[in-house]
Every structure is written in structure tokens, then in C-alpha cells.
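Listed below, chain by chain, are the residues.
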Amino acid sequence: MAGSTNPGRSGRPDAAQREAAHNLEVTKRMREVEEAILARAPEHDLEPSLDRIAAVMELLGDPQRGYPVIHLTGTNGKTSTTRLVETLLLEMGLRTGRFTSPHLHSMRERIALSGQPISAEKFLAAYDEVIPFIEMVDARSVAEGGPLMTYFEVLVAVAYAAFADAPVDVAVVEVGMGGRWDATNVADGSVAVVTPVDLDHQHFLGDTVELIATEKSGIIKEGAIAVSALQPHAEVVEILRERALEVGARLAVEGVDFGFKASDVAVGGQQFSMQGLAGDYDDLFLPLFGPHQMQNAMTAVAAVEAFVGGGETRLDPDVVRSALAKAASPGRLEVVRRSPTVVVDAAHNPAGAVALRQAIEQSFNFARLVGVIAILKDKDATEMLEVLEPVLDHVVVSRTTSPRAMDPDELGELAVDIFGEGRVTVVQSLPDALDTAAGLADEGGVSGGVLATGSVTTAAEVRMLLGTTEV
């Protein structure tokens, strides 16, 4: 029949057409919802308070209390440790919810169900469930002279609702910033995990490690078990100990209650053995690079021991081995291309840069390593460059698409002071900077490499430029 789109003899669209139409509608709606969420105040522009998110949760019936929570904070290593905890729990057969931030490519990455980013359909269902209550709280806040709920607060509400709807056996939740007043802290973790604490976000958290640690200790709740990674500052452990004593929680600290036994570099990662809270685990292979990732893995094992047996029951060593062998941490010392080798890393503060440098020194053997560096203007670019200088033969400074990105010319001036003029190239466009760096790395022959770092956005955009978007 003329003009037919081949709907079948009945005149009705076939299943494939119906599915295509549905998918198109979901994609359109998801785009609209993302735009609405992005129109809110960004996560780095916030007014510290739990009042708004707590009000929304109460109106929803407090879904975050419908499942146990493992809550994670710290300055660096939070996302990797969160994913490692999730992987261990999945290997044990549990249904998990995972909340992390920021994302690399899609907002939906922040909310994962049983290891996979939430589907658009489930995201939209959770959003539709929470948005009437968000709008009620928005209206009340504005009437009282306060702000609308932020981008981050809305995503927390969506995540907690989605986890309840799934349902999950356990939620593994990374704070966005700080701890005490972070929106995720409307949940009470039965296990609270603190990765290494250092200086970052000082304009919100305070100018000293002690102030920052005090904010982060706020996720330790009454009766919980707190698990602390090895801390670079002794005063952090004392603050965590004081908080645990105050709320009647137990504290387990790396180097005292669990920790390292032996390690060795292995092809594609590292081999290690550890003492857990409830027993030893030997011959563990971790397909991630750097001493900091081994530390994250040990912290994750201790956290899961704390969760499933109160820290008194040894996990099945074969389950631990199998889980860690499957570990992934996209954007964290991730090799995204060969010839030349391109490594991306989301280091965005001096402590992260130290961990990155140590990992490069331990796990890679580049004849010539060229950095592609793009840093946000509210970060300590000078110290980051100073930390990375010993492992970089040349740096190509540029900028990402982030409105918070530092101007490449300004960053270039800082780099010249540290590297010298002959080791610095300024390229305004990140794609061109990557091409320039690859050419410079080729001067090292087959052993040349490129390291793209400076922010999560840098890692994400270089991944995308090289055709990698899976998480």
C-alpha cells in the first residue's frame, strides 16, 4: 500500500517499531529531566544543611531506612573503594545499590543497581516518585528565603528511592563532600568507611586537616563499625576515635586492626596478601595500579568483613580473590589506548597527585612520559604540578569544557616556573593537546606514553576522545 511503513497486515506497528518509539520517548524524557536537574545549583555551590533533603526523605517515608548502608567518606580513594566494596558484595550474591560522584560521562553512572548504571526507565520512575516532594520542599524553602534543592540533593533523593524500589540488599554510598552535612548523611550507615583524609574543598570543609576530619567523622553513627584506611595525618585517627567514642561506635584502623602483609607488581596490576579484621587473605590479584589502590582494596575487604560478620567472621578467601580480580575503577590510572599508551587519571588535588606519581613509578616503565594537564581554577595547580614534575618529561597544558577550568595560559605560566620553558607546551583545545602529546610521546619510541590528568573532567573527556565511555 502506498505510504505504508510496513506495519503488518493489521495496520498496527510491529513490536520493533513499538520498542523504537518507546526508546525515543524515554531518551527525550531523560534529556528533559537531566536538563531540569542540571539547571539547579551545582554540587560545588551549596548551602550546608540536611534540612531540605531530610524533609524530602520524610515525605517519601524515609526509603533510605529500608536497607542497610555502607557509607564512605575521605579525601581521595572514595569512588574506587566504593566500587571495590560493591564488587565484593556482588560476588557474595547480594543485590547492591551504589551511589558515587562525580560521574565521568552520564548522570546515571552515579546510581548503580547490582553493578550496572541505573537504566533510564528506572531513573525516570524514581525521579517521578520524588519530584512532587522536592517541589514541595523547594516552595517551602523559597518562602522562607532559602534556596532550591541542589543538583546533588536531587540525585541523592532519586538514588535512595531507586534503591528502595529495586529493592537492594545493601546500599554502598559515597559522600559528595565532607560528611556531617552531606546530603547522603540522611542515611545511617551500619558501617562507616573513611579513606585517607587530606586538604581539599577548604572553602567548605575548613583550612586544616583537623577541621576536615571532624566534618567527615560525622558519618559515623551510633552503634556502627567505622573502618579507617591508613591516614597520612595522625590527628585524623584521633578525631575518628573521639567521634566513635562519642556515639558508641567501634573503630578499626588500617595498620592496627587490619593491613598489609606482602605485595608485588604483577602483569596488569598487583599481587598482595593482607590481614583482615577476622583472618588473613593471601594471593590476591588486583587489576588496578598503585599502592593506593591496594590500600583501597584492603579497606574494602575490612568494610565488608565489618558489614557481614561484625568484623568477627572471615570472608571466603576464594570469594575475595574472585571479586578483587574483577575490580575496575574507570578514570583511575586507566589505560585507554596503546601505541602510544594513554593513561587517564582523575587526580584533582595534591594528595591525589602524590598517589598518581607513586603508581606511575611503581607500575609503569615509560621511556618518555608526556602529561596532558587540565586543572580546575579552584584547585592547587602549583603543588599538583610540583608533585608530578619528576615523572613527566614534558607537559602539554590545556583546558576541559568545564566552566571551572583554569585558563591554559595561566596554567602554562605556572608550569614553566616548575618545568622550565622547554618542557611546557600550551594548547588551548583538549583534542589538539592530546594529539600534540601523542606526537611528543612518540619521540620515546614504543615506550612513550601520555598521562592525562588534573580533574575528573580531564579523565572523562580524554576517555571520550579516545572512544571509551563504558563504566
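Since this is a predicted model, take the numbers as computed values, not measurements.

This paragraph deals with the overall build of the protein chain. A count of helical and extended segments in the protein chain gives 15 helices and 17 strands. Compactness check: the protein chain gives a C-alpha radius of gyration of 23 Å against a globular reference of 23 Å for 471 residues, within 12% of the reference. Overall, the C-alpha framework of the protein chain stretches about 70 × 65 × 50 Å when taken along its three principal axes. Of all 471 residues assigned to the protein chain, the portion counted as buried reaches 54%. Of the contacts formed within the protein chain by residues at least 6 apart in sequence, a portion of 73% connects residues at least 24 apart. Counting only carbon and sulfur atoms, one obtains 50% of the accessible surface of the protein chain, whose full area is about 19500 Å². Measuring between centres, the 38 positive side-chain charges of the protein chain sit 7 Å from its 68 negative side-chain charges.

A separate point is the packing of helix α2 (residues 51–60) against helix α5 (residues 151–165). At their nearest, the axes of α2 and α5 sit 10 Å apart, and the two run at 30° to each other. As summarised for this structure, α2 and α5 are arranged roughly parallel, according to the angle between their axes. For the pair α2 and α5, the crossing hand works out as right-handed. Here R52, I53, V56 and M57 of α2 lie close against α5, whose contacting residues are E153, V156, A157 and Y160. Considering only residue class, the contact of α2 with α5 consists of six nonpolar, no polar and two charged.

A few words on the sheet that holds strand β9 (residues 259–266). Either a parallel or an antiparallel arrangement is found when strands of a sheet pair, and the pairing is made through backbone hydrogen bonds. In spatial order, the strands read β9-β10-β11; together these three strands make up an open sheet with antiparallel pairing. Looking at which strands have only one partner, the edges of the open sheet turn out to be β9 and β11 (280–286). For this sheet, the mean inter-axis angle between neighbouring strands, taken without regard to orientation, is 15°. Two strands pair when backbone bridges link them, and β9 and strand β10 (residues 269–275) are joined in this way by seven bridges, in the antiparallel orientation. By the bridge assignment for β10, D264 is matched with Q271. Along the sheet, helix α10 (residues 317–325) makes contact with β10 and β11, crossing β11 at roughly 20°.

In this section: the environment of R243. For R243, the location among the structural elements is in helix α8 (residues 234–247). Ignoring any residue separated from it by four or fewer positions in sequence, one finds R243 in contact with S217, G218, I220 and K221.

What follows covers the nonpolar core. In this structure, I37, F99, I111, F123, Y160 and F163 are the most contacted members of the largest nonpolar core, which totals 44 residues. Sorting the residues of this core by element identifies α1 (15–38), α2, β3 (111–113), α4 (120–143), α5 and β5 (170–174) as the ones contributing at least two each. Top element by residues in this core is α5. It accounts for twelve residues. Residues within four places of F99 in sequence aside, it is in contact with T82, R110, I111, F152, L155, V156, A159, F163, V172, V173, E174 and T184. Counting 34 residues, the second-largest nonpolar core is a separate cluster that includes L72, M294, V304 and A306.

A few words now on α2. If you check which residues of α2 are buried, you get R52, I53, A55, V56, M57 and L60. The inward-facing, buried residues of α2 abut α4 and α5. Just downstream of α2, G61 is the residue with a positive phi angle, here 90°.

The next point concerns the pattern of salt bridges. Under the defined criterion, the tally for this structure stands at 17 salt bridges. Between K261 and D282 there is a salt bridge; the shortest N-O distance is 2.9 Å. A residue pair is termed long-range when its members are at least 10 positions apart, and K261 in strand β9 and D282 in strand β11 qualify at 21 residues. Look at D282 and you get partly exposed, because its relative accessible area is 30%. Note that D318 and R321 form a salt bridge whose closest N and O atoms lie 2.8 Å from each other.

Most of strand β14 (residues 368–373) sits out of view: six of its six residues are buried. Neither face of β14 is left uncovered, since the one carrying R368, V370 and V372 and the one carrying L369, G371 and I373 both have all their residues buried. Sheet topology note: the β14/strand β15 (residues 394–397) ladder contains four bridges and is parallel. If you follow G371 over to β15, its bridge partner there is V395. Each parallel crossover has a hand, and the one from β14 via helix α12 (residues 381–388) to β15 is right-handed.

With that out of the way, let us pick up α12. All of the buried residues along α12 are A381, M384, L385, V387 and L388. Looking straight down α12, one finds its buried side chains confined to an arc of 160°; they lie on one side. Buried residues in α12 make contact with α11 (350–363), β14, α13 (408–419) and β17 (448–453).

With that settled, consider the packing of aromatic side chains. Overall, the coordinates contain four aromatic pairs when judged by the stated rule. Arranged with centres 6.1 Å apart and planes meeting at 80°, the rings of Y67 and F163 form a pair that is edge-to-face. Of this pair, Y67 sits in the loop between α2 and β1 (69–73) while F163 sits in helix α5; the two residues are 96 residues apart in sequence, bridging distant segments of the chain. Pairing F289 with F364 gives two aromatic rings, centres 4.9 Å apart and planes at 50°, and the pair type is tilted. On the criterion of sequence distance, the pair formed by F289 in the loop between β11 and α9 (291–309) and F364 in the loop between α11 and β14 is long-range, its members being 75 residues apart. The same class applies to F289 and to F364, which are both buried. Members of the aromatic cluster, each reached through a chain of ring pairs, are F289, F364 and F366. The lysine or arginine in question, R314, covers the ring of Y281, its NZ or CZ lying 5.6 Å from the ring centre.

Thresholds, definitions, all that
Residues numbered from 1 in each chain as written. Predicted model: local features only at pLDDT ≥ 70, side-chain atom pairs only at ≥ 80, totals over all residues. Heavy atoms only, no water. Helix = DSSP H or I, 4+ residues; strand = E, 2+ residues; numbered from the N terminus. Rg over C-alpha atoms; globule rule 2.2 N^0.38 Å. Buried < 20%, exposed > 50% of the residue type's maximum accessible area, 1.4 Å probe, protein only. Contact = heavy atoms within 4.5 Å. Areas by Shrake-Rupley, 256 points an atom, 1.4 Å probe, with all protein chains shown as cover. Lys, Arg positive; Asp, Glu negative; His and termini not counted. Charge placed at Lys NZ, Arg CZ, Asp CG, Glu CD. Axes fitted to C-alpha atoms, helices over the stretch in contact; angles between N-to-C directions. Parallel < 35°, antiparallel > 145°, perpendicular 65-115°, else oblique. Left-handed = near helix turned anticlockwise from the far one by under 90°. Nonpolar A, V, L, I, M, F, W, Y, C, P; charged D, E, K, R; others polar. Pairing = 2+ DSSP bridges. Core = buried A, V, L, I, M, F, W, Y, C linked by side-chain atoms within 4.5 Å. Salt bridge = Lys/Arg side-chain N within 4 Å of Asp/Glu carboxyl O. Right-handed = clockwise from strand over helix to strand, strands pointing away. Arc of directions from axis to C-beta. Phe/Tyr/Trp six-rings, centres within 6.5 Å; stacked < 30°, edge-to-face > 60°. Lys NZ or Arg CZ within 6 Å of the ring centre and 35° of its normal.

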